[in-house]
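Architecture and fold: a report
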Amino acid sequence: MTHAVVLTRATKRFGRKVAVDRLDLSVRCGTITGFLGPNGSGKTTTLRLITRLYEPEEGTVEVLGSVREKCASDRVGYLPEERGLYRSMKVLDLLCFFARLKGVRSPEASVRVWLERLDLADAAGLKVEALSKGMAQRVQFIGAVAHRPELVILDEPFSGLDPVHAAQISDAIRELKAGGSTIILSTHDMDVAERMCDSLVLIHQGRKVLDGTWAEVRSRHGRGTVRARLGDRPIDTSRLPGVERCADLGAETAMVMAPGGDSQELLRALQQQGPIARFDLGESSLREIFLEQVGATRMEDAAA
Amino acid sequence: MNKILVIAVREFRAAVMNKAFLISLIMMPVMILISTSASHVAQGWKNPKVRSIAIMDRTPGKGVDAVPTLELLREKEAGQAGVKEAGPGSVLMPGSLSLLKFEPVRPPTGEKEALQARYELGRRVATGELAAFFDIGPAAVEAQPTDPEKAAVTYYTDRALDKDVLLGVGVKLITLVQLQRSAAQNPLLLMRKDRRYTPEEMVTLLDAAGKSTGKGLVQRDLPALDESGQVVEGREVQSGLRPLVPIFATIILFMVVLIGASPQLQGVIEEKMNRIGEVLLGSAQPFQILAGKLLGMTATGLVLSMVYLGGGLMAARHWNLAGDLRWDLPLWFVVFQVLALLLYGSLFVAVGSACSDMKQAQTMLMPVSLSFSLPLMFLLPVMEDPTGTLARVASFVPLATPTLMLCRVAAAPNLPLWEPLLGAVLVLLTTVAAIWVAGRIFRIGYLTTGKAPSLLELSRWIFSRS
């Protein structure tokens, strides 16, 4: 099994609204995959399809090699976007309950290890209603991972956390990956996605807008900017490969790369024009790519 | 199965290990005790003021002699109780004459005058001068009166209920009128001018009729054959207890379902509001969650039942009434209690999962609550005639079966076994159907928020694939 999750033309509708529209998607085993998309784009619905909370009206959803398995698998851990904890239960009892539901017979020891690790050992005997938002978030995280799942689905796991505890969760996620788990991480935080994810999926209006590793995404969708100057003459901008548009800045020329444009090819073309005095390549950030892709999809939809 | 048990244990612990459960466990018998003893206690708080009752006797001749007889009876009552004068703090039984005095009203000559006299007496009642007045019709002592209206004893009051006057005076007046009517037929009184009993005679007759040297009326089970084929007398029945058994059993069943199943509704709504449903559904199938909840609730309900049933049996033993209880009753009680919990619990959960808040739930709960409470309206007629057509038909309506069949089993010892068995099977089938419907609503409704679904949407939820 190379892929932990494979969606093939998966479709989910709510009345007339198509929440997920013929989505093809695959998540490689042992990776951290970032799910990106604006609010209402269909991310949570996709995650719920993967966790079997919803069944697709069309297409298939294969999770850990199983397509037809109706029950939510004990091999999956799920941290929903909105926290779901019994307010009147004690933290330790609640986490043991969640772990037992996942088939762990004696979960207390493993739960205590996680509580210790996330600075919650003192909260084991507290009722959930007495916890701060950040503490409740960490408790919910433990609930999703204490049974050592093969697939961990985390919907906004850093929400409400201070930087110290966010770093703890980041480390824990990386450790889960190192232990062989596959992680799906849904987030609005582009820096987190860029920093932590091996591959990215951008969903918008129920459709996949882009996917791939960060390098592939940047390579395919990055719109880098090159600032260049020749030593003895102005740049001839009429014959430059991979450039979408140019701007004369006086001493220098700014060139916006076309999507998929190869900066090395541009460098070679400039060398043919003469000796290069300056060649600065600026990379697109994930945020810029996200905004550009979502904006482009919106414009396409408006034109259609 | 393991997940069902995990959820059931959590539900049971959440329901039982909290203050609300302990309070309801203690409060229910306390409330029953208070409500049953309230009227007795309230007798001690009666206004000690002596009240006047006017009695207008329009029978011809000497009349019924009601006022002197009632006064003699009051004196006798005070003498028997050892209390000469009733005062504040003295506990008087309903129907006591101790705080009443009687005023004879001269019989008017005609109907019109009688009406005017009644009007004036009514004015005195309205001002509080009189507590009430009675009118003994002119034909009250005739053996065969031509006009029943004229033979009536009529009670006039502005109060909804006044037990002392109604039971103490009204019932006694009827008895006195009946005695005087029989006196007119008594050949031994032929020599008397008016053929009437004197007040002293009526008190003596009433006294003799009220006392019994024997055991009085004894109720027994039907005589039966023993092991050797000999006819043996039926067991003596504590007549006061037997009617209480079906009522007690049915009320406990009703209350336990109410205490056990209602929190399920609230629990499911809270889980929806707190988004716990999403976490649970990520770990278990909707049916497993529903089954776990129902199992936990049933266990909770049974704990309640056992406590109350045990308490009831201990009380019966304490008052030497335990021998009157049949061995099969607790068995049937448990069967119908479990079925009622599962049936109504699944409906409560279905309503909870279809709603997003308690306000929505209250509206949707109405038909469930009605179907649950309605059988109680039939409790008395079913208890009085447990093998009649009404009882038989009503007790086979599955939503009413747990309460009414239990009532029939308790009220009719010779009820054929197939009837409660068939009733249990029908309820079981209905329960399976209800759990299926609840499961279908639950799996969609549990993740749905916003306004409550319409009936059309609910039916779509029930029959849709996903």
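Here the structure is a predicted model, which means the values were calculated and not measured.

Let's talk about the overall build of chain B
- Helices and strands together make up the secondary structure of chain B, namely 16 helices and 8 strands.
- Taking the intrachain contacts of chain B between residues at least 6 apart in sequence as the baseline, contacts between residues at least 24 apart amount to 73%.

A few points about the overall build of chain A
- If you tally the helices and strands in chain A, you get 9 helices and 13 strands.
- By its C-alpha atoms, chain A is 75 × 45 × 35 Å across when sized along the principal axes.
- In chain A, which comprises 304 residues, the share counted as buried stands at 38%.

Considerations on the domain arrangement of chain B
- Splitting chain B by domain gives domain 1 (47–205) and domain 2 (238–463).
- With centres defined by C-alpha atoms, the gap from domain 1 of chain B to domain 2 of chain B works out at 51 Å.

Section: the packing of helix α2 (residues 91–101) of chain A against helix α4 (residues 133–145) of chain A
Residue and element names in this part refer to chain A.
- At a closest axis distance of 8 Å, the pairing of α2 and α4 adopts a crossing angle of 30°. Classified by the interaxial angle, the pair formed by α2 and α4 is roughly parallel. Pair α2 / α4 crosses with right-handed handedness. Here V91, L95 and F98 of α2 come into contact with α4, specifically with V139, I142 and G143.
- In terms of residue class, the contact of α2 with α4 is built from 5 nonpolar, 1 polar and no charged.

Re the environment of L266 of chain A
Residue and element names in this part refer to chain A.
- Within the element layout of this structure, L266 appears in helix α8 (residues 263–273).
- The exposure class assigned to L266 is buried, which follows from the 21 C-beta atoms found within 10 Å.
- Considered as a pair, L266 and A136 are 130 residues apart in the sequence and their alpha carbons are 52 Å apart.
- Setting aside residues no more than four positions away along its own chain, L266 makes contact with V226, L240, P241, G242 and V243.

Points about the sheet that holds strand β2 (residues 100–105) of chain B
All names here are of chain B.
- Across the sheet, 4 strands lie side by side as β2-β1-β3-β4; this open sheet has mixed pairing. With partners counted over all chains shown, the strands left at the sheet margins are β2 and β4 (153–156), one partner each. Neighbour to neighbour, the strand axes of the sheet diverge by 20° on average, direction disregarded.
- Strand direction decides the pairing type here: strand β3 (residues 132–136) and β4, joined by 4 bridges, are antiparallel. Within β4, the residue paired with F134 across the bridge is Y155.

What about the environment of R268 of chain A?
- Among the structural elements, R268 of chain A can be located in helix α8.
- Considered as a pair, R268 of chain A and L240 of chain A are 28 residues apart in the sequence and their alpha carbons are 9.8 Å apart.

Focus on the interface of chain B and chain A
- Listed per partner, the contact involves 15 residues of chain B and 22 residues of chain A.
- When residues of the side of chain B that touches chain A are traced back to their parent elements, those giving at least two are α1 (2–16) and α8 (276–281) of chain B.
- For the side of chain B that touches chain A, the residue count by class is 6 nonpolar, 5 polar and 4 charged.

A look at helix α3 (residues 108–117) of chain A
Residues and elements named next belong to chain A.
- Turning to α3, its buried residues are V111, W114 and L115. One side of α3 holds all its buried residues, which, seen down the axis, span an arc of 100°. Turned more than 90 degrees away from the buried face of α3, the exposed residues are A109 and E116.
- For α3, the elements touching its buried residues are α2 and α4.

So, the pairing of strand β6 (residues 151–155) of chain A
- Counting buried residues along β6 of chain A, 5 of its 5 residues qualify, which places the element largely inside the surrounding structure.
- Side chains of β6 of chain A alternate between two faces, with L151, I153 and D155 of chain A and V152 and L154 of chain A buried alike.

Notes on the sheet that holds strand β4 (residues 58–63) of chain A
Residue and element names in this part refer to chain A.
- With antiparallel pairing, the 3 strands of this open sheet are ordered in space as β2-β1-β4. Looking at strand neighbours, the two that pair on one side only are β2 (17–28) and β4, the edges of this open sheet. Adjacent strand axes in the sheet meet at a mean angle of 20° when their direction is disregarded.
- Relative to β4, strand β1 (residues 3–14) runs antiparallel, the two sharing 5 bridges. What sits directly across from V6, in β4, is E62.
- In this fold helix α1 (residues 43–50) packs onto β1, β2 and β4, with an angle of close to 60° to the strand it touches most, β2.

Observations regarding the environment of K150 of chain B
- Checked against the element boundaries, K150 of chain B lands in the loop between β3 and β4.
- Leave out the neighbours within four places in its chain, and K150 of chain B touches G137, P138, A139 and P145 of chain B.

Some remarks on the nonpolar core
- Residues L95 and I153 of chain A together with L253 and L406 of chain B are the most contacted members of the largest nonpolar core, which totals 137 residues.
- Discounting residues that sit within four places of it in the chain, L406 of chain B has contacts with A249, T250, L253, W332, F333 and F336 of chain B.
- I55, L121, V153 and V165 of chain B belong to the second-largest nonpolar core, a separate cluster that totals 31 residues.

Here we look at unusual backbone geometry
- Non-glycine residue R9 of chain A carries a positive phi angle of around 45°.
- For R9 of chain A, a count of 12 C-beta atoms within 10 Å translates into the label exposed.
- You will see that D65 of chain B, though not glycine, has its phi angle at about 65°, which is positive.
- Residue placement: D65 of chain B occurs in the loop between β1 (51–57) and α3 (66–81).

Here's the deal with the confidence of the model for chain B
- Looking at chain B, pLDDT values average 82 and 88% of them are 70 or higher.
- Reported confidence for the predicted complex is 0.76 by ipTM and 0.70 by pTM.

Topic: the pairing of strand β7 (residues 182–186) of chain A
All names here are of chain A.
- Burial analysis of β7 places 5 of its 5 residues in the buried class, the great majority of the element.
- What you see with β7 is no split at all: T182, I184 and S186 on one side and I183 and L185 on the other are buried throughout.
- Bridge count for strand β3 (residues 32–36) against β7 is 4 bridges, and the pairing is parallel. The residue bridging G34 from the neighbouring strand is L185, located in β7.
- Crossover β6 to β7 through helix α5 (residues 163–178) is right-handed.

Basis of the calculations
- Each residue is numbered by its place in its chain's sequence as written, counting from 1.
- In the order they appear in the text, chains get letters beginning with A and ligands get numbers beginning with 1.
- Local features in this predicted model are restricted to residues whose pLDDT is 70 or higher, and side-chain atom pairs enter the listing and the counts only when it is 80 or higher, whereas totals over whole chains, interfaces and linings include all residues.
- Starting at the N terminus, helices and strands are each numbered in turn, a helix being any DSSP run of H or I of at least four residues and a strand any DSSP run of E of at least two.
- Note that contacts rest on C-beta atoms placed from the backbone: two residues are in contact if these are within 7 Å.
- For the exposure call, what matters is how many other C-beta atoms sit within 10 Å of a residue's own: 20 or more marks it buried, 12 or fewer exposed, and in between partly exposed, using C-beta atoms placed from the backbone.
- Just so you know, the domain bounds were taken from an automatic or database domain assignment.
- Orientation is described by lines fitted to C-alpha atoms, with helices fitted over the stretch in contact, and by angles between N-to-C directions that extend from 0 to 180 degrees.
- The scheme is simple: roughly parallel for angles under 35 degrees, roughly antiparallel for over 145, roughly perpendicular for 65 to 115, oblique for anything else.
- The sense of a crossing depends on the near helix, which, turned anticlockwise from the far helix by less than a right angle, makes the crossing left-handed and, turned clockwise, makes it right-handed.
- In the scheme used here, Gly and all other residues not listed as nonpolar or charged are polar, with Ala, Val, Leu, Ile, Met, Phe, Trp, Tyr, Cys and Pro taken as nonpolar and Asp, Glu, Lys and Arg as charged.
- Only strands that DSSP links by at least two bridges are regarded as paired with each other.
- Arc, as used here, means the arc of the directions from the helix axis to the C-beta atoms.
- Buried Ala, Val, Leu, Ile, Met, Phe, Trp, Tyr and Cys residues whose C-beta atoms connect them within 7 Å together make up a nonpolar core.
- A score from 0 to 100, pLDDT tells how confident the predictor is in each residue.
- Looking down the strands as they point away from you, a crossover is right-handed if its path from the first strand over the helix to the second goes clockwise.

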